[in-house]
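Observations on chain architecture
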Amino acid sequence: SLVADSLVSRTKVNYVNILPIPFIPPRDLTAILTSDKDVLLLWDMSHFSDGFETGDFSLWDSVAQGPGVPIEEDKFAYWHVSTQTPYEGSYGAIVNYGYDIDTRIVMPPLLATDTTLLSFLWLSSYYWHVFPFDHGDLFVEISEDGGATWSPVWTFGNIGEWLNMTWYETTIDFSDYSGSEILLSFHVVADDNADIVIDNVKILNASDKKIAGKRQA
């Protein structure tokens, strides 16, 4: 049977198969049963998912290194892909500590829908970036004019207290921009800071589906 933009087929007792039309197999499909008996589906959209395992930013629209000066000779005070501190696999994207840092990586253009989400993992130092020292910040920013101007939608400086050098997962809802072509970027502004790392950056699609039916014998 058809339910909205999904095909739901019951194959055996208590099991259903769910495929989004036009039947392109989703990556990392997750189904969550909510308290009101709805099923929340999360899956990777095919146009962007990067764990940086290519060892570069080849999937990204642009990289701006900025004027940053590293504190140590073997470090880089701008966004780069490194084997230092990945969440999983061999690589993550990192900005090392330094001075006068203003660096940005930009994702490819995206047509937002009412179910568009950005998910990513991040790790950094609360001590050096929030309290007692406020020496830098990681921003997620949005542009609706092709990158001419940017507006912050999230920063780890405004989410309350968190643990130093501990991985966190963040998901941001962009349904308010449905119908607009947008650019999303990770922007670091810092001076005499600590390392900032991200990994597993994904555009997700969330869809609430009610899947009803009697148990079949």
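Description of the structure in this document. Per chain, residue numbering runs from 1 following the sequence as it is written. Only residues with pLDDT of at least 70 get local features here, since the model is predicted, and only at 80 or more are side-chain atom pairs given and counted; chain-wide, interface and lining totals rely on the full set of residues. Water and hydrogen atoms play no part in the side-chain values, which are based on all heavy atoms of the structure.

Our focus in this paragraph is the side chain of serine 124. The way it works is that DSSP assigns letters per residue, a run of H or I at least four long becomes a helix, a run of E at least two long becomes a strand, and they are numbered from the N terminus. Position of serine 124 among the secondary structure elements: in the loop between strand 13 (116-123) and helix 1 (126-129). Given a relative accessible area of 0%, serine 124 falls into the buried group. Under the rule applied, a polar contact is a pair of N or O atoms within 3.5 Å (in protein, one hydrogen donor and one hydrogen acceptor; residues adjacent in sequence only if both atoms are side-chain atoms). In this structure the side chain of serine 124 is engaged in a polar contact, spanning 2.8 Å, whose partner is the backbone oxygen of aspartate 195. For every residue, the accessible area obtained with a 1.4 Å probe (protein chains only) is divided by the maximum for its type, and the residue is called buried under 20%, exposed over 50%, and partly exposed between those limits.

With that settled, consider a nonpolar patch on the surface. Taken together, the side chains of Val69, Ile71 and Tyr99 make up a nonpolar region of the molecular surface, amounting to roughly 250 Å² of accessible area. With respect to the secondary-structure elements, valine 69 resides in strand 7 (residues 69-70). For valine 69, a relative accessible area of 45% puts it in the partly exposed group. Any residue with relative accessible area above 30% and no salt bridge may belong to a patch, with like charges joined within 9 Å and the nonpolar Val, Leu, Ile, Met, Phe, Trp and Tyr side chains within 5 Å. Computed with the Shrake-Rupley method and a 1.4 Å probe, the accessible areas treat only the protein chains shown as cover for residues. Each reported salt bridge corresponds to a side-chain nitrogen of Lys or Arg within 4 Å of a carboxyl oxygen of Asp or Glu.

Working definition: rings of Phe, Tyr and Trp (its six-membered ring) pair if their centres are within 6.5 Å, and the pair is stacked with planes under 30 degrees apart, edge-to-face with planes over 60 apart, and tilted otherwise. Taken as a whole and assessed by the stated rule, the structure comprises 20 aromatic pairs. Here phenylalanine 120 and phenylalanine 186 contribute two aromatic rings whose centre-to-centre distance is 5.0 Å and whose plane-to-plane angle is 85 degrees, an arrangement assigned as edge-to-face. With phenylalanine 120 in strand 13 and phenylalanine 186 in strand 17 (residues 181-190), this pair connects stretches of sequence that are 66 residues apart. The residues phenylalanine 120 and phenylalanine 186 share a single accessibility class, namely buried. Between the aromatic rings of phenylalanine 174 and tyrosine 177, the centroid separation amounts to 6.1 Å while the plane-to-plane angle is 45 degrees, which identifies the pairing as tilted. You can call phenylalanine 174 buried: its relative accessible area is 1%.

Distances and angles like these do not, on their own, reveal function.
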